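# Geometric and topological summary
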Amino acid sequence: SKTSMPYPDNNDGIKTKETQTKFPTTVKPEKHILVVEDNYDVRNYIISCLNGFQVSKAANGKEGLELAQNLIPDLIISDVRMPLMDGVEMTTMLKKNSRTDHIPVIMLTAKGDVTDRIEGFNTGADAYLAKPFHDGELLAIINNLLRPRAALIYNFSQYVLEEPVEKTITPP
């Protein structure tokens, strides 16, 4: 059975029946994910797994790179092998750009070979998932990549909002 659970589901600003979590409800669950996949059916399957997310799509790495630079999504899911520009080259270019280097990238491929996974990680990919994959596994990886980022944003905003403290430095 298909599981569709939008990010975030725990400890990230969403009230649940059990408890109020540690982050305020101003942390929005609508995260933006860019799906870069040349296969129409696979692309639509991935999108169908992403209920609760804002989703943009690209059919190749060149289009994905342009969209990522313009939209600055919260996360990118990309196939490795695609026409015009593959996912490895796209990820390499994203990680070299200061506007996009922070975006987590999940690489998808039909090849689960360890050398391919190492190549993906060496380009800056944050996670690697071999096709076919279970939608629950994809969502768990997405949650694991987005949750620390949401916590970092929350913690940084708390730090910035604190009252400035004047300190006097006296020479020794």
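Predicted, not measured: the structure shown is a model, and the values here were computed from it.

The rules behind these values
- Residues numbered from 1 in each chain as written.
- Predicted model: local features only at pLDDT ≥ 70, side-chain atom pairs only at ≥ 80, totals over all residues.
- Heavy atoms only, no water.
- Pairing = 2+ DSSP bridges.
- Helix = DSSP H or I, 4+ residues; strand = E, 2+ residues; numbered from the N terminus.
- Axes fitted to C-alpha atoms, helices over the stretch in contact; angles between N-to-C directions.
- pLDDT = per-residue confidence, 0-100.
- Contact = heavy atoms within 4.5 Å.
- Buried < 20%, exposed > 50% of the residue type's maximum accessible area, 1.4 Å probe, protein only.
- Core = buried A, V, L, I, M, F, W, Y, C linked by side-chain atoms within 4.5 Å.
- Salt bridge = Lys/Arg side-chain N within 4 Å of Asp/Glu carboxyl O.
- Right-handed = clockwise from strand over helix to strand, strands pointing away.

A few words on the sheet that holds strand S3 (residues 75-79). As summarised here, the arrangement of the 5 strands in space is S2-S1-S3-S4-S5, forming an open sheet in which the pairing is parallel. Each having just a single partner strand, strand S2 (54-58) and strand S5 (127-130) make up the two edges of the open sheet. Put simply, the sheet's adjacent strands are angled 20° from each other on average, direction ignored.

This paragraph deals with the confidence of the model for the chain. Summary statistics for the chain give a mean pLDDT of 76 and a share of 67% for residues scoring 70 or more. Mean pLDDT per element in the chain: helix H5 (residues 135-161) is the minimum at 71, and strand S1 (residues 32-36) is the maximum at 96. This model gives residues 1-28 a pLDDT under 50, and the stretch forms 55 contacts once residues within four places in sequence are excluded.

Checked against the element boundaries, Ile-77 lands in strand S3. For Ile-77, a relative accessible area of 0% gives the class buried. In this structure, the C-alpha to C-alpha distance between Ile-77 and Leu-34, residues 43 residues apart in sequence, is 6.2 Å. Contact partners of Ile-77, with chain neighbours within four places excluded, come to Ile-33, Leu-34, Val-35, Val-36, Ile-46, Leu-50, Ile-106, Leu-108, Leu-138 and Ile-142.

To continue, consider the nonpolar core. Residues Leu-50, Ile-77, Ile-106, Leu-138 and Ile-142 are the most contacted members of the largest nonpolar core, which totals 19 residues. Of all the elements in the fold, those that place two or more residues in this core are S1, S3, strand S4 (105-109), S5 and H5. Element by element, the count of residues in this core is highest for H5, at 6 residues. In terms of nonpolar packing, the next biggest core, distinct from the first, is built from 17 residues, Val-36, Val-88, Ile-103 and Met-107 among them.

What follows deals with the pattern of salt bridges. A full pass over the atoms with the stated rule returns 4 salt bridges. When the shortest N-O distance is used, the salt bridge between Glu-37 and Lys-131 registers 3.1 Å. With Glu-37 in the loop between S1 and helix H1 (40-48) and Lys-131 in the loop between S5 and H5, the pair connects residues that are 94 residues apart, well separated along the chain. The exposure class of Glu-37 is buried, given its relative accessible area of 1%. As a salt-bridge pair, Asp-79 and Lys-131 come within 3.3 Å of each other at their nearest N and O atoms. With a gap of 52 residues between them, Asp-79 in strand S3 and Lys-131 in the loop between S5 and H5 connect regions that are remote in the sequence.

This part is about the pairing of S2. In this structure, S1 lies alongside S2, joined through 5 bridges in parallel fashion. The partner of Val-36 across the bridge, within S2, is Ala-58. Each parallel crossover has a hand, and for S1 linked through H1 to S2 it is right-handed.

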